[in-house]
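Chain residues, written in single-letter form:
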Amino acid sequence: MQLHTQPDLVQRANAVLAGGCDSPVRSGWGVGGAPFIQSRGDGAYAYDDRGERYVDYIMAYGPLLFGHNHPALTTGLDELARQSVVHGCTHPEEIRLAERIRAYLPSMERMRFVSTGTEAVMSAIRVARAYTKRTLVLKFAGNYHGHSDFALLNAGASAHTPDAQRSGIPGGVMRDVIVARYNDLASVDALLAGREGELAAVIVEPIVGNMGYVTPAQGFLEGLRERTQRYGALLIFDEVITWLRFGLRGAQARVGITPDMTTIGKIMGGGFPIAAFGGREDVLAMLAPLGSTFTGGTHAGNPFCVGMAHRVLDLLETHPEYYVYMDALGKRLADGIRAIFARRELPYSVVQHESIVDFKFRPGPPNRNYDDALAADKARYGAYYHEMRKRGILLPPSQNEVMFVSTAHSNADIDETISAIDESLEAIAV
Ligand SMILES: Cc1ncc(COP(=O)(O)O)c(C=O)c1O
């Protein structure tokens, strides 16, 4: 297997794309070495610029629940395009899509489509501020909500830069955002003390995939629900990763809590850019033309992406076994890693929740918050990442991410991965 990206491609990327990439994580700065440059994807596999095959666990950071190029999502696209790719009017399929989504997420009494998760969150926050006539937003360190100004403060995922708190973000924005510790209601109370009447919204990933995989502790989300109600603020669930990954009813059904607003994206477009925000009817009534708050978008709700979203829902409705299959794959992978850790007497915890598998190079229990995530051994992960890549396994080049399995992965892929993990741990001598 060729192990290195063609140097001229890296040079050309650096010479024309800022930092050689469109999103910093892709530069590989979290693990060092040459970035992975991907020419194509097929099923569970990514192919590099030399045509070498890798079992892909990045899966585009979430959208590819069905792997690359699922036939139901990649055939007949010319027919879909012929009906119009984009136009500037509301259309029947957009209405039908919203109805379908609301049937699964009843908390989204009204919604609006946008193109990215970033826009969905940005819009939800504006509406929440307009509704409450307040500006203060409480978020959690290590929860990633996209790259709008407010969202970057102490965000997890690829947004971790030494200076992400300041660079290019106006001071005024920072004054209106407070960042608490996930799973820690005492930190919420300490930050809000005396400012309860200023609070517009609490935004949270109900189950987190951006500081490794982190589940909410007993009572944490209930505590946020109770406090937001008590303070007259709104609770926003960012389900950009979790909706459809954890079933058609998303994380909110799993945790049994109804948020005031929800943001969704990633999987829903089947690889194409469509996202949405929505929530209580009285809150969404803030939006023009009903109210005075503005959101819009040339590509918002375009027929092509809406058509793709229908296909995704069709697939999931007709294949409930997909979730069972991915859970079995995830378990197989997690059990294999646990067995290796036990044999090698390594003190790391493996977490698996259906199609998400994760472990960090940090002894002790799984991550509970961003402090835990930052305590993991970054250099060791970098060495491990490159050993895995040498063996044809593509991991996310950052410890804040998780491994995603898809319906396209097979038991053979999982077993190949487990062997590669054993060999890679041997190679880096842990
Ligand atoms: C929970 C969450 N919210 C929002 C976003 C932003 O979505 P996008 O990258 O589509 O702008 C992401 C992206 O990773 C995310 O994980």
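Residues numbered from 1 in each chain as written. Predicted model: local features only at pLDDT ≥ 70, side-chain atom pairs only at ≥ 80, totals over all residues. Heavy atoms only, no water.

Draft legend 1. Main features of the packing of aromatic side chains. All chains considered together, the criterion is met by 15 aromatic pairs. Ring geometry for F66 and Y322: centres 5.9 Å apart, planes at 55°, overall tilted. In this pair, F66 is assigned in the loop between β3 (53-56) and α2 (71-74) and Y322 in helix α12 (residues 321-344), connecting sequence segments 256 residues apart. Judged by its relative accessible area of 3%, F66 is buried. Their ring planes at 65° and their centres at 5.6 Å tell us that F359 and Y384 sit as a pair that is edge-to-face. In this pair, F359 sits in strand β12 (residues 356-363) while Y384 sits in helix α14 (residues 378-390), placing the two residues 25 residues apart along the sequence. Take F359 and Y384: they sit in the same class, and that class is buried. Each residue in the set F341, Y348, F359, F361, Y381 and Y384 is aromatic and connected to the rest through ring pairs, giving one cluster. If you follow R40 out to its NZ or CZ, it ends over the ring of Y47, 4.0 Å from the centre. Here R53 stacks its cationic end above the ring of Y45, 4.1 Å away from the centre of that ring. (Phe/Tyr/Trp six-rings, centres within 6.5 Å; stacked < 30°, edge-to-face > 60°. Helix = DSSP H or I, 4+ residues; strand = E, 2+ residues; numbered from the N terminus. Buried < 20%, exposed > 50% of the residue type's maximum accessible area, 1.4 Å probe, protein only. Lys NZ or Arg CZ within 6 Å of the ring centre and 35° of its normal.)

Draft legend 2. Representation of the site of the ligand within the structure. All residues adjacent to the ligand are T116, G117, T118, Y144, H145, G146, E205, N210, D238, V240, I241 and K266. Take N210: an N or O atom from its side chain is 3.0 Å from an oxygen atom of the ligand. Protein contacts shield 84% of the accessible area of the ligand, which totals 390 Å² for the unbound molecule. Each residue belonging to the shell around the ligand can be placed in one class, and the counts come to three nonpolar, six polar and three charged. (Near = heavy atom within 4 Å. Polar contact = N/O pair within 3.5 Å; in protein donor to acceptor, adjacent residues only side chain to side chain. Areas by Shrake-Rupley, 256 points an atom, 1.4 Å probe, with all protein chains shown as cover. Nonpolar A, V, L, I, M, F, W, Y, C, P; charged D, E, K, R; others polar.)

Draft legend 3. Fine view of the domain arrangement of the protein. Structurally, the protein comprises domain 1 (7-69 + 320-427) and domain 2 (75-317). Summing both sides of the interface, domain 1 and domain 2 together bury roughly 2,700 Å²; the carbon and sulfur share of this comes to 59%. A per-residue breakdown of the area domain 1 buries against domain 2 is headed by Y323, H353 and Y370, which together make up 22% of the total. Across the domain 1-domain 2 interface, the total number found is two salt bridges. For R254, the salt bridge identified is with E354, shortest N-O distance 2.7 Å. Counting across the domain 1 and domain 2 interface gives twelve residue pairs in polar contact (both at pLDDT 80 or more). Sorting the residues of the side of domain 1 that touches domain 2 by element identifies α12, β11 (348-353), β12 and α13 (370-374) as the ones contributing at least two each. Per-element accounting of the side of domain 1 that touches domain 2 gives the leading share, four residues, to α13. (Domains from an automatic or database assignment. Buried area = accessible area lost by both parts, 1.4 Å probe. Salt bridge = Lys/Arg side-chain N within 4 Å of Asp/Glu carboxyl O.)

Draft legend 4. Summary view of the packing of α12 against helix α15 (residues 411-427). The N-to-C vectors of α12 and α15 enclose an angle of 25°; their axes lie 10 Å apart at closest approach. Taken together, α12 and α15 sit at an angle that is classed as roughly parallel. Read as a crossing pair, α12 and α15 show a hand that is right-handed. The segment α12 lies against α15, with Y325, L329, R332, L333, G336, I337, I340, F341, R343 and R344 engaging N411, I414, D415, T417, I418, I421, D422, L425 and E426. (Axes fitted to C-alpha atoms, helices over the stretch in contact; angles between N-to-C directions. Parallel < 35°, antiparallel > 145°, perpendicular 65-115°, else oblique. Left-handed = near helix turned anticlockwise from the far one by under 90°. Contact = heavy atoms within 4.5 Å.)

Draft legend 5. Region of the structure containing the sheet that holds β11. With antiparallel pairing, the three strands of this open sheet are ordered in space as β11-β12-β14. Edge positions in the sheet fall to β11 and β14 (403-404), since each of these pairs with one other strand and no more. The sheet strands contacting α12 are β11, β12 and β14, and the helix crosses β11 at an angle near 175°. (Pairing = 2+ DSSP bridges.)

Draft legend 6. Focus on the pattern of salt bridges. Tallying each qualifying case throughout the model produces 28 salt bridges. The closest approach of N and O atoms between R227 and D189, which form a salt bridge, is 2.6 Å. Taken together, the residues R227 in helix α8 (residues 220-231) and D189 in helix α7 (residues 185-192) connect sequence positions 38 residues apart. One salt bridge in this structure joins R391 and E387, with 2.7 Å as the shortest N-O distance. Residue classification places R391 among the partly exposed residues on the basis of a relative accessible area of 27%. Shared partners join several salt bridges into a network, and the residues in it are D189, E226, R227 and R230.

Draft legend 7. Inspection of the state of the cysteines at higher detail. Per the counting criterion, the structure on display carries zero disulfides. Unpaired in this structure, C305 has its nearest cysteine sulfur neighbour in C89, at a distance of 17 Å. Using a relative accessible area of 6% as the deciding quantity, one classes C305 as buried. (Disulfide = S-S within 2.5 Å.)

Draft legend 8. View of the sheet that holds strand β1 (residues 38-42). Here we have four strands laid out as an open sheet, ordered β1-β2-β3-β13, and mixed in their pairing. Edge positions in the sheet fall to β1 and β13 (393-394), since each of these pairs with one other strand and no more. The sheet contact formed by β1 and strand β2 (residues 45-48) spans four bridges and is antiparallel. By the bridge assignment for β2, Q38 is matched with D48. Contacts between α15 and the sheet are confined to β2, β3 and β13, with β3 contributing the most and set at about 95° to the helix.

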